[in-house]
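So you can see what is in the structure, the chains are spelled out below.
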Amino acid sequence: LFYAKNILEYGWSRTVLEVSEQIISELNHSFLKLEEVSFALLKDENVCDFLLEENPIAFVNKAAEVEKVIDSLSGNASFMDNIVLYNEQGLFYRFSGNIGNTGVRKMMSIVEKDKIASHIQLQLDSVNYIGYVTAIYDHNERIGTIVILTDENDIYRMFEQMTENKDMKM
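Residues numbered from 1 in each chain as written. Predicted model: local features only at pLDDT ≥ 70, side-chain atom pairs only at ≥ 80, totals over all residues. Heavy atoms only, no water.

Q: It is not clear to me how the overall build of the protein chain should be interpreted in this structure. Could you clarify?
A: The helix and strand inventory of the protein chain stands at 6 helices and 5 strands. Put simply, the protein chain runs from its N terminus to its C terminus through helices and strands in the order α-α-α-α-β-β-α-β-β-β-α. Within the protein chain, buried positions represent 42% of all 170 residues. For the protein chain, the share of sequence-separated contacts (at least 6 apart) that also reach a separation of at least 24 residues comes to 55%. Accessible area for the protein chain stands at about 10100 Å²; split by element, carbon and sulfur atoms hold 48% of it. (Helix = DSSP H or I, 4+ residues; strand = E, 2+ residues; numbered from the N terminus. Buried < 20%, exposed > 50% of the residue type's maximum accessible area, 1.4 Å probe, protein only. Contact = heavy atoms within 4.5 Å. Areas by Shrake-Rupley, 256 points an atom, 1.4 Å probe, with all protein chains shown as cover.)

Written as structure tokens, this is what we have:
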């Protein structure tokens, strides 16, 4: 945005500033949605019950209730390509996305090694992702983690959709 405002001083059209503001607003909205969904999930009792489960079969069975919660929260948010929840026993469930099991294990390792909280950038299966990580606690004890990732290419597609002017490149 700072760059776009400086461009105006040199006589470029107001369109650059308007598009820049629109892109920043849309990205802020998309990342805020990641945070909102994560926050709502960490407060949901179905999610806590799911993450406290140590039996793999029961863990998978309880995922159906969490899936309903995620569907109700995320709506049409195409920005949430990959939603993975995992517990402290290492059980994980991929609610959306196509990251392979090896990629999910690598992601879990990165998050746990660095004790990452909040925003994350990582590469899995040769794809760059940006996302949000939230640890979930029950009675001050960590029981699991929510990771919501978006493919970097989705961000580029957002830029392309917003820049209809052929003279403008992002």
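Q: I'm lost on the packing of helix α3 (residues 45-52) against helix α4 (residues 56-74) in this one. Help?
A: In helix packing, the relevant descriptors are the interaxial angle and the interaxial distance, both defined with respect to the helix axes. The geometry of α3 relative to α4 is characterised by a closest axis approach of 9 Å and an angle of 160 degrees between their N-to-C directions. By the criterion of interaxial angle, the relationship of α3 to α4 is roughly antiparallel. As for how α3 packs across α4, the hand of that crossing is left-handed. Counting all contacts with α3, which are made through N46, V47, D49 and F50, the residues of α4 involved are F59, K62, A63, E65, V66 and V69. A breakdown of the residues in the contact of α3 with α4 according to their chemical character gives 6 nonpolar, 1 polar and 3 charged. (Axes fitted to C-alpha atoms, helices over the stretch in contact; angles between N-to-C directions. Parallel < 35°, antiparallel > 145°, perpendicular 65-115°, else oblique. Left-handed = near helix turned anticlockwise from the far one by under 90°. Nonpolar A, V, L, I, M, F, W, Y, C, P; charged D, E, K, R; others polar.)

Q: Explain the packing of aromatic side chains to me, please; I cannot follow it from the model alone.
A: The description of two aromatic rings rests on the distance between their centres and on the angle between their planes. Tallied over the full model, the rule gives 4 aromatic pairs. Ring centres of F50 and F95 lie 5.7 Å apart, and the angle between their planes is 65 degrees; this geometry places the pair in the edge-to-face category. In this pair, F50 sits in helix α3 while F95 sits in strand β2 (residues 92-96), placing the two residues 45 residues apart along the sequence. On the basis of relative accessibility, which here comes to 0%, the residue F50 falls in the buried class. Seen in terms of ring centroids, Y93 and F95 are 4.6 Å apart; in terms of plane orientation they differ by 50 degrees. Their pairing is tilted. F95 gets classed as buried once you look at its relative accessible area, which sits at 8%. Put simply, the rings of F50, F59, Y93 and F95 pair up and form one aromatic cluster. (Phe/Tyr/Trp six-rings, centres within 6.5 Å; stacked < 30°, edge-to-face > 60°.)

Q: Just checking my understanding: could you explain the nonpolar core for this structure?
A: If you look at soluble globular proteins, the nonpolar side chains tend to sit buried side by side. In this structure, F50, L85 and F95 are the most contacted members of the largest nonpolar core, which totals 25 residues. Contributing elements (two or more residues each) for this core: α2 (14-43), α3, α4, β1 (82-87), β4 (127-138) and β5 (141-151). The leading source of residues in this core is α2, at 6 residues. By size, the runner-up hydrophobic cluster in this structure holds 15 residues, among which are I99, M108, I120 and V133. (Core = buried A, V, L, I, M, F, W, Y, C linked by side-chain atoms within 4.5 Å.)

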